[in-house]
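# Examining the three-dimensional arrangement
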Amino acid sequence: MSEHPPTQPLPLITADEEAPGRLVRPLLVLRRWADEYRAHRREHRSDDGPSIWEPIHLGIAEDGRPVRVPLIYRNMLLAGEPGAGKSVGLNNVVAHAALATDCRLWLFDGKIVELGLWRSCADRFVANSLDDAIGALLDLQSEMDQRYAVLDDERRRKITPADGVPPIVVVLDELAYFSATVGTKREQEAFSVLVRDLVARGRAAGIIVVAATQRPSSDIIPTSLRDLFGYRWAFRCTTDASSDIVLGHGWAARGHSAASVAPETKGIGFLLAEGGVPRRIKAAHLSDEQVYALADRAAMRRLAAGIAHGQDLDDTTGGAA
């Protein structure tokens, strides 16, 4: 089979003698050829793994179509009540980033166990220490400033794949732990200010922030922070107001409320992508066994690529890898 779709004449209709040669369903024919071409590419592609420059598969929409979004130059916010499926959605993002050896992975996890499975894939893993979290964010801020200095010198606006500068995917779970639970008020404010700066300025420098919380309230996700996220994924929320805190004011009144998701339908939420209309989607489910297997595979890929040797698994005190 050729790598390109076969060249064949499109079916014609000549029932109308005055208009011979009118195309019959050409889009259906082209779609079939495109599907065959993609299947051929999947069958013959080498096991290079995903790239952070490629769209990330999140799940399926109500019409059954896959939902894939580009994460480069963007940030993502995930929120929902406990047990709503937020961790499932987050694992899809982390799995793609971990398997992509053309990016770096920084993980922040106050509970340790949610992202702990991926710690051997991380260039830096921060557990339940707010002081370590602030230190890591300061390092990210310094890296971001250095990248912008280079871009300014070269009169460019953003990094590209040709630069050889790896994007950094920063995953924060759980926001509320670091910004409202542990530490002093001053430390919590310092953490929140640093996160806001990375979300606001990091995109063009290749700093991608993915933040998650099970407390979608205005003190954890203030409007000034929420509006900086290009992607907002609201899993089941207790109230319409909580859903609006994630998606934006007014969406619940227009029929887009994560409070309408039934408690038993885990993994379903509303995804708002860059100024569009929230879409109801179901996150692709990964079992614990699949997550373990993906994490091991990603760790081996990164080890083979000479990156992200991870932390000692006996070290649960947080800090850098």
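Residues numbered from 1 in each chain as written. Predicted model: local features only at pLDDT ≥ 70, side-chain atom pairs only at ≥ 80, totals over all residues. Heavy atoms only, no water.

Looking at an unreviewed UniProt entry, one finds the protein chain named S-DNA-T family DNA segregation ATPase FtsK/SpoIIIE, with Pseudonocardia parietis as its source organism.

## Observations concerning the packing of aromatic side chains
Aromatic ring pairs are defined here through the distance separating the ring centres and the angle between the ring planes. Considering all chains together, one arrives at 4 aromatic pairs under this definition. Geometrically, the ring pair formed by Phe 178 and Phe 191 is stacked, given 5.2 Å between the ring centres and 25 degrees between the ring planes. Note that Phe 178 is positioned in helix α5 (residues 175-181) and Phe 191 in helix α6 (residues 185-201), a separation of 13 residues in sequence. For the pair shown, Phe 178 and Phe 191 are each scored as buried. One aromatic cluster is present, built from ring pairs that chain together Tyr 177, Phe 178 and Phe 191. Cation over ring: Arg 119 sits above Phe 125, and NZ or CZ is 4.3 Å from the ring centre. The residue whose ring lies beneath Lys 158 is Tyr 73, and the NZ or CZ to ring-centre distance is 4.4 Å. (Phe/Tyr/Trp six-rings, centres within 6.5 Å; stacked < 30°, edge-to-face > 60°. Helix = DSSP H or I, 4+ residues; strand = E, 2+ residues; numbered from the N terminus. Buried < 20%, exposed > 50% of the residue type's maximum accessible area, 1.4 Å probe, protein only. Lys NZ or Arg CZ within 6 Å of the ring centre and 35° of its normal.)

## Section: helix α9 (residues 288-304)
Relative to the 24 Å expected for 17 residues at 1.5 Å per residue, α9 spans 24 Å between its end C-alpha atoms, a close match to the ideal helical length. The set of residues buried in α9 consists of Val 291, Leu 294, Ala 295, Ala 298, Ala 299, Arg 301 and Arg 302. Each buried residue of α9 lies within a common arc of 165 degrees when the element is viewed along its axis, so the set occupies one face. With respect to the buried face of α9, the exposed residues turned more than 90 degrees away are Glu 289, Asp 296, Met 300, Leu 303 and Ala 304. (Expected span 1.5 Å × (residues − 1). Arc of directions from axis to C-beta.)

## A closer look at the pairing of strand β9 (residues 207-213)
Of all 7 residues in β9, 7 are buried, a share of seventy percent or more. The two faces of β9 match: Ile 207, Val 209, Ala 211 and Thr 213 on one face and Ile 208, Val 210 and Ala 212 on the other face are all buried. As judged from the 4 bridges shared by strand β5 (residues 76-79) and β9, these two strands associate in the parallel manner. Across the sheet, Leu 78 pairs through a bridge with Ala 212, a residue of β9. Summarising the sheet, strand β8 (residues 168-173) and β9 pair through 6 bridges and their orientation is parallel. By the bridge assignment, Val 170 is partnered in β9 with Val 209. (Pairing = 2+ DSSP bridges.)

## Digging into the sheet that holds strand β7 (residues 124-126)
Spatial ordering of the open sheet is given by β4-β3-β12-β11-β10-β5-β9-β8-β6-β7, a layout of 10 strands whose pairing is mixed. Since the sheet does not close on itself, it has two edges, and those belong to β4 (66-69) and β7, each with one partner. Each neighbouring strand pair of the sheet contributes to a mean axis angle of 25 degrees, computed without reference to strand direction. Here strand β3 (residues 56-61) runs beside strand β12 (residues 279-283); their pairing, made up of 3 bridges, is antiparallel. Directly across from Gly 59, in β12, lies its bridge partner Ala 283. (Axes fitted to C-alpha atoms, helices over the stretch in contact; angles between N-to-C directions.)

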